[in-house]
Amino acid sequence: MSMIEIKGLRKEYPDVVPLKDVNVSIDEGEIISIIGPSGTGKSTYLRCINRLETPTAGSILVDGVDVCNPKTDLTEVRRKMGMVFQSFNLFPHKTIAENIMMPQMDILGISAKDAYAEAVRQLERVGLDGKARKFPHELSGGQKQRAAIARALAMHPKIMLFDEPTSALDPTMVSEVVSVIKSLAGSGLTMLIVTHEMRLARDVSTRVFYMDEGGIYEEGTPEQIFGTPQREATRRFVFRIRSYEYTLTSSEHDLIELLGGLDDFCGRQFMSRKAARNCMLAAEEMCSAYLLPALRSSEDGTITVRVSVSEENGEQTIEAEYSGIDGDLFEKTDDEISSAIFKKITQRLPDEREHLVRFRILV
Amino acid sequence: MINHTKTISAERFLAFLLCAAVIIAMLAQLIPAFFMPIKAEATEGAVPEFKTFADLTGKTVAMLTGAPFEELVLEKNPDVKEIQYFSTPTDMILALKTDKIDAFLANNAAASMMVNQDSTLAVFPESLEDTDFGFAFKKGDPAREKWQAAFDSLSRERIDELWDAWIGTDESKKILPEQDWSGANGTVKVAACDSVPPMCYAGNNGELVGFDIAVMLEIARVLDVHLDFTGMEFASVMAEVESGKAQVGSGSFVLNEERRKLMDFVTYHEASYVMLVRAEDGGISAQQTASVQQTASVQKTVTVPEYTSLSELNGRKFGLVNGSPFAEIIESKVSDVDEYLYFSSIPDMALALKAGKIDAFLTGDTVADTMISEDAGLAAFPIPFGELEYAFALQKGNPMTKQWQNACQKVGEERIQELYEIWLGTDDSKKILPEQDWAGANGTVRVASGDNVPPVSYVAENGRLEGFEIAVLLEMAKELDVHLDFTGMELSSLLTSLQTGKVDISNSCLAVTEERQKALDLVSYRKGSYVLVVRAKEKTVTAPEFSSFADLDGKTVAMLAGAPFEEMVREKNPDIGGVQYFATVADMQLALQTGKIDAFVTNNAVAAMLSNQDIGLAVFPESLGDTYYGFAFKKGDPLRDEWQAAYDSLDQERISELWDIWLGTDDSKKVLPAQDWSGANGTIKVASCDSLPPMSYAGENGEPTGFDIAVLLEMAKVLDVHLDFTGLEFSGIMAEVESGKAQVGNGSIMMTEERKALMDFVPYHEASFVLIVRAAEQTVEQPTFADSLKASFERTFITDARWKMILLGLLRTVIIAICAGVLGTLLGFGLVLLRHQNNAVTNKLIAVYSSLITGIPVVVILMVLYYIVFGKLDAPAMVVAIIGFTVIFGARAYGLIWNAVTAVDTGQREAALALGYSEKLAFRRVILPQSRSLYFQPLKIQMVMLLKETSVAGYITVLEMTRAVDLVRSRTMEAFFPLITAAAIYFVLTWLLTKLISTAEQYLEKKHEQRKIKGVD
């Protein structure tokens, strides 16, 4: 039986619906990274699991217990889950040791001595053995987060939920937390990590969920998601693709404007001069050779030119999506020179989509 | 983590400012006293030094040169030493003040003005002559007729108007008109005296002004002439007119025969001559500088008996003449005579009394009255000791007794009274005994007479026995036709002589007593009474500032809140300025002293006490009304009749005695009896005013005491009930009785129609309303600051061990504050927990409760609890106060803590929940403890405020510190020291509380820093 079973999860707010219909099944021991753009419901999704948010509809079974059922004793269920927050949420008026001891004593009824021993153990585990008697405000951000992790671990949960654990940390402290999270990976814990750290997601996960458009847009192994994302949005996210679009029509086809905008765009991307030049060139020649003649010769043609650059791997593509034009756009041309240049610097890519032709721009 | 901001220096600075302000206020009170000159001010109408012309014998009288009054003066008193002449009235005034002359003449106008302006002058009561003022014309000058006609054409009213303007003190009215008529009939020269104000004198710019000038200008307007005035000395005016240099002369000429012969006059106003003399306060110049004297001419000195109540006589020494049986009579009134000292004669006793060897002696009124009127050192004790009969004594069984009795009757009461008046009067010329010129056919009777009992029986200058009794005996002897052979002897020997048969009859102002009747035959000839003679002491009586109701126009009158006197006062004078209401007599007294009000109404008892204690106050001579003091009962309560019956059964003398005790100044007598009767008929609750001495006020230990209480206890004894007293403010008493919380109410309540309509009363003493006003002047010796401070301190703390009452008040304040603080905080936490449940119903209830508390003043909440919520229950006021403050503090604590709770970061709750905490547990263990740093300081401040707010608990009769101090204030009749003390004590208390809490805070902080983990370390 899966550890977490989510069916038809829906969360509505008065003006926005971040989760439309989520269905997923997570097994014990899995380590799931949840990635995606902001505002796509990642944290909401995570917080629904331990009922910090209440779903509008749907069911969430955690270890067989329906969290959404009003009759459920949430404290019991929550005990099995530990949560680590973006803003750490340590108890400021207690020492670190007491932070870790308190839940044990209050909830599990463990004696102070035993709780203390456990606290020390966990602190060692996260590399904070000297900090037991410190107050939270005396620790750095990374140390605080590690302490928070220790506090959660002391309860020996089955599931650990991480809600953007490094988002509030400055880059120098991110790695210490990441390494702690990584060290937990082999321990049999089921972990759900909402994160923006792609490296973490890639290194540690068994599965990656890309959340977009109100649900899990695409999921797969890290290799799949980060290597060969299937779906467009996933790709765009994972490769951090930036695009420039311009639509030409039969009646309006201002090449100068297109190129001006493209020039702007290229300037904003971290591209080498050569790459930028090739980009411009490709666009210009493509238009001259193929697009503009096609538009001129048709009555109601529309072509959208899209130039995409991946921040991830530097790959540049240019594509043309068209309608209202018969035949293959790139079949022949009268402008030999332009097409020659074009062909030289580009490589056609296969694409199943109709009325869309894609080329990689060679650098 | 607790935040230590550096507020300590700011607090210290504020404390310093407060102390400085207090000290400055104290000094400001006293500074005027240091700098104000102490003047002797006499009131208007100063009393003249000489009152009749006869007084002027051997004195020097002055008048203006040229004034023909020597004759007049000498006519009135030929023995005037001499007449002196001066050139101006100013000179004469100076001469009078420096004792060079004793009196001078002036006309009525000048005299009025001078006396108005100079309080050291007074008008001699007898006037010299009445005549007219006239303008002088050359004899035979026809112009005079024209002028007379012109004057006659003027309206009398106008002349009076001018007279009032120029004789009065309002300078703004003394303006002459411009001569803006045509003057077609020419210009007339006028010679006018420039130095006889207010008739004719030089004004500010040298121009001639005055009543004369004003009248002349009116005449000139009629005649259409212009006047050209020339000022000169009085003596030159007539010469000027006679020589023709001027046509008219003026100078307040008073017309007399001599003058009329010399010149013609136009009379223009009545005149009379009066003399001016010094005012009675004596020589003026030296004594107007600052000196400390109680010389108010308004303060009279009267002699009063040293003792005025029977209780004062206890423990004293009494004098008796050897053989007199008065010990019994004395002991019938005085319970505790220290000892009797025996004397051989009454004059001896009088001497001993004055020397202090004895404190009083009893004698008959005939002797007493004479002695007292002749000797200012003696006075009659005001309470009578009973009636007696004066008698002559004969041997028991003497057959002549009957005849003597007949003879006495024949002489008759009238004749005896006549003789009485002669012999006890002051006209010695009438005190002549008749010669024994009748036959004496029935023999000679030997008489033994007291030789030293004037005016009754004494040896006169010529060696003969004289006196009232001698005269009576002689009359009787005449009837019996016997001759009397008198022998004078000592009182103690008289009766022995009689009993041994050496004499037949004796007289010595003998009083009839049972014992004597057994031993002797007595022929009584006159009724009289016993008089106890005591020493006299002087008492200065202050005259009031206002002496009639008419004086109260526009003045502010005050009375106690709830007292129904406004009607009465307005009835007497509808034009009073306004009526103000105060809570206590002490407040009114202070307001009167500081000029905020001009008079206040109180009852005769309080008035007597106040004017004794404070010479700055005086009793207004007209009384407002007479009524009775009554004990109040709920209307229709049958209890009233029971109590009325009980009162009626009391001995009126006992009531009088109590009255004297409680209104007297001897505090040691003011002791209430313990309620040691069985109280079988239950306990009655009494609502007593705790701030109206001497009738009903709080004693040493805060228990109600006073005349009212004493009388009530007497009545309770009769009814065999116990009384349970509660002290409260006057305005609360009737409410207590009406609401049923008490059955009887007292507080020197005067029975008025209005009150009788509301409640039933048992009257227990006559009462009258009087007004208290300021004394007309204050010339008191100022004590030094240190002295007055010491006196204040004593009065506030030492007297009656008042410090105990204040200490008790302090204790109560602290108890209420601590209990309410602790319980209120717990209540607050409880409400916070409840609120956390987030139940819609309880949320609403809590919100309503909270807004009620914040929306209603503390005082009102307390009173609502006391009178309404706990009204019917018998809850002690302290308990109600604690409950009330708990409820109030609880709401505040809740508000503070809940605010703090909602301010804690929401992430804390989420972390706790995520760990598996329930909402409740998360709240208790994670949220609430964290909110402490947010609510702690505000809560501390609220506690301090609570301590101070307890000061209003007095409104529901709790004797906490403010009320205790207020009661002391009403006893000592001063505001300053008690209030400053209260302020200081509160300041110290709040400082202590703050310090305490801060110390606790610091301790916790330290503990926190130690990072010790419970259960591990």
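These numbers come from a predicted model, not from an experiment.

Draft legend 1. Spatial organisation of the packing of helix 3 (residues 96-107) of chain A against helix 5 (residues 141-153) of chain A. All names here are of chain A. At their nearest, the axes of helix 3 and helix 5 sit 8 Å apart, and the two run at 25 degrees to each other. In terms of axis orientation, helix 3 runs roughly parallel to helix 5. Viewed along their axes, helix 3 and helix 5 form a crossing whose handedness is right-handed. Across from Ile 96, Asn 99, Ile 100 and Pro 103 in helix 3, the residues of helix 5 making contact are Ala 147, Ala 150 and Arg 151. Class assignment of the residues belonging to the contact of helix 3 with helix 5 gives a composition of five nonpolar, one polar and one charged.

Draft legend 2. Focus on the sheet that holds strand 9 (residues 208-209) of chain B. Read across the sheet, three strands follow the order 7-8-9 (chain B) without closing on themselves; strand pairing throughout is antiparallel. Since the sheet does not close on itself, it has two edges, and those belong to strand 7 (195-196) and strand 9 of chain B, each with one partner.

Draft legend 3. Region of the structure containing the sheet that holds strand 4 (residues 57-62) of chain A. All names here are of chain A. The antiparallel open sheet is built from four strands, whose spatial order is 2-1-4-5. A strand with exactly one partner marks an edge of an open sheet, and here the two such strands are strand 2 (19-26) and strand 5 (65-66). Pairing analysis gives five bridges linking strand 1 (residues 4-11) to strand 2, with the strands arranged antiparallel. Considered in strand 2, the bridge of Glu 5 is made with Ser 25. Against the sheet, helix 1 (residues 42-49) touches strand 1, strand 2 and strand 4, its axis set at about 125 degrees to strand 1.

Draft legend 4. Structural context of the interface of chain B and chain A. Taken together, the contacts link 24 residues of chain B with 32 residues of chain A. With both chains or domains summed, chain B and chain A bury close to 2500 Å², and 59% of this area falls on carbon and sulfur atoms. Of the charged contacts in the structure, one is a salt bridge between Arg925(B) and Asp106(A), with a shortest N-O distance of 2.9 Å. Between the two partners, chain B and chain A, sit nine residue pairs in polar contact (both at pLDDT 80 or more). Secondary-structure elements contributing two or more residues to the side of chain B that touches chain A are helix 32 (906-915) and helix 33 (919-949) of chain B. Here the side of chain B that touches chain A takes seven residues from helix 32 of chain B, the largest share from any one element.

Draft legend 5. Region of interest: the packing of aromatic side chains. Residues and elements named next belong to chain A. For the coordinates displayed, the defined rule picks out 29 aromatic pairs over all chains. Seen from their ring centres, Phe 330 and Phe 359 are 4.8 Å apart, and the 65 degrees between their planes marks the pair as edge-to-face. With a gap of 29 residues between them, Phe 330 in the loop between strand 13 (316-323) and helix 12 (336-345) and Phe 359 in strand 15 (residues 356-361) connect regions that are remote in the sequence. Assigned by exposure class, Phe 330 and Phe 359 land together as buried.

Draft legend 6. Spatial organisation of empty space enclosed by the protein. Residues and elements named next belong to chain B. Scanning the entire structure with this criterion turns up six cavities of 30 Å³ or more. Computed from the structure, the largest cavity encloses a volume of approximately 200 Å³. Around the largest cavity, the lining is made up of 19 residues, and of these Leu 64, Leu 105, Ala 106, Asn 107 and Ser 252 lie nearest the centre. Here the lining of the largest cavity takes four residues from strand 11 (residues 248-254), the largest share from any one element. Here the residues of the lining of the largest cavity sort into 15 nonpolar, three polar and one charged. Leu 560, Phe 565, Thr 602, Asn 603 and Ser 748 are the residues nearest the centre of the second largest cavity, which is lined by 17 residues in total. Examining the composition of the lining of the second largest cavity, we find that three residues originate from one element, strand 28 (residues 599-603), more than from any other. Broken down by class, the residue content of the lining of the second largest cavity amounts to twelve nonpolar, four polar and one charged.

Draft legend 7. Here's a closer look at the nonpolar core. Residues Phe104(B) and Trp147(B) are the most contacted members of the largest nonpolar core, which totals 89 residues. Discounting residues that sit within four places of it in the chain, Trp147(B) has contacts with Phe137(B), Val188(B), Met216(B), Ile219(B), Leu223(B), Leu227(B), Val248(B) and Val266(B).

Draft legend 8. Highlighting the pattern of salt bridges. Under the definition given, this model contains 55 salt bridges over all chains. Between Asp351(A) and Arg358(A) there is a salt bridge, with its nearest N and O atoms 3.4 Å apart. For Asp351(A), a relative accessible area of 22% translates into the label partly exposed. Between Lys189(B) and Asp228(B) there is a salt bridge whose closest N-O contact spans 3.7 Å. With Lys189(B) in strand 6 (residues 187-193) and Asp228(B) in strand 10 (residues 226-232), this residue pair connects regions lying 39 residues apart in the sequence. Its relative accessible area of 41% is what places Lys189(B) among the partly exposed residues. Several salt bridges share partner residues, and in doing so they unite Glu245(A), Arg306(A), Glu319(A), Glu321(A), Asp351(A), Arg353(A) and Arg358(A) into one network.

Draft legend 9. The arrangement of a negative patch on the surface in detail. All names here are of chain B. Side chains of Glu 70, Glu 71, Glu 75 and Glu 258 sit close together on the surface and give a patch of like negative charge. Counting residues per element, the negative patch draws most heavily on helix 2 (residues 70-76), at three residues. Inspection of the secondary structure assignment puts Glu 71 in helix 2.

Draft legend 10. Broad picture of the packing of helix 31 (residues 877-903) of chain B against helix 33 of chain B. Residue and element names in this part refer to chain B. Direction vectors running N to C along helix 31 and helix 33 enclose 140 degrees, while the axes themselves pass 7 Å from each other. It follows from the interaxial angle that helix 31 and helix 33 lie oblique. Between helix 31 and helix 33 lies a crossing of right-handed hand. Across from Phe 885, Phe 889, Arg 892, Ala 893, Leu 896, Ile 897, Trp 898, Ala 900, Val 901 and Ala 903 in helix 31, the residues of helix 33 making contact are Phe 923, Ile 927, Leu 928, Ser 931, Leu 934, Tyr 935, Pro 938, Leu 939, Gln 942, Met 943, Leu 946 and Glu 949. For the contact of helix 31 with helix 33, a count of residues per class yields 18 nonpolar, two polar and two charged.

Draft legend 11. Just a nonpolar patch on the surface, in detail. Residues and elements named next belong to chain B. Taken together, the side chains of Val 848, Leu 852, Ile 856, Val 860, Val 864, Ile 868 and Val 869 make up a nonpolar region of the molecular surface, amounting to roughly 560 Å² of accessible area. Looking at the nonpolar patch, the elements with two or more residues in it are helix 29 (840-855) and helix 30 (858-869). Take the nonpolar patch: its biggest share by element is four residues, from helix 30. Turning to its location among the elements, Val 848 is positioned in helix 29. Judged by relative accessible area, which is 42%, Val 848 ranks as partly exposed.

Rules used throughout
Residues numbered from 1 in each chain as written. Chains lettered and ligands numbered in written order. Predicted model: local features only at pLDDT ≥ 70, side-chain atom pairs only at ≥ 80, totals over all residues. Heavy atoms only, no water. Axes fitted to C-alpha atoms, helices over the stretch in contact; angles between N-to-C directions. Helix = DSSP H or I, 4+ residues; strand = E, 2+ residues; numbered from the N terminus. Parallel < 35°, antiparallel > 145°, perpendicular 65-115°, else oblique. Left-handed = near helix turned anticlockwise from the far one by under 90°. Contact = heavy atoms within 4.5 Å. Nonpolar A, V, L, I, M, F, W, Y, C, P; charged D, E, K, R; others polar. Pairing = 2+ DSSP bridges. Buried area = accessible area lost by both parts, 1.4 Å probe. Salt bridge = Lys/Arg side-chain N within 4 Å of Asp/Glu carboxyl O. Polar contact = N/O pair within 3.5 Å; in protein donor to acceptor, adjacent residues only side chain to side chain. Phe/Tyr/Trp six-rings, centres within 6.5 Å; stacked < 30°, edge-to-face > 60°. Buried < 20%, exposed > 50% of the residue type's maximum accessible area, 1.4 Å probe, protein only. 1 Å grid on protein atoms, 1.4 Å probe; cavity = no way out; pocket = protein on both sides within 12 Å on 5 of 7 lines; lining within 4 Å. Points joined across faces, edges and corners; volume = space filled by probe spheres on them. Core = buried A, V, L, I, M, F, W, Y, C linked by side-chain atoms within 4.5 Å. Patch = residues over 30% accessible without salt bridge, like charges linked within 9 Å, V, L, I, M, F, W, Y side chains within 5 Å. Areas by Shrake-Rupley, 256 points an atom, 1.4 Å probe, with all protein chains shown as cover. Lys, Arg positive; Asp, Glu negative; His and termini not counted. Charge placed at Lys NZ, Arg CZ, Asp CG, Glu CD.

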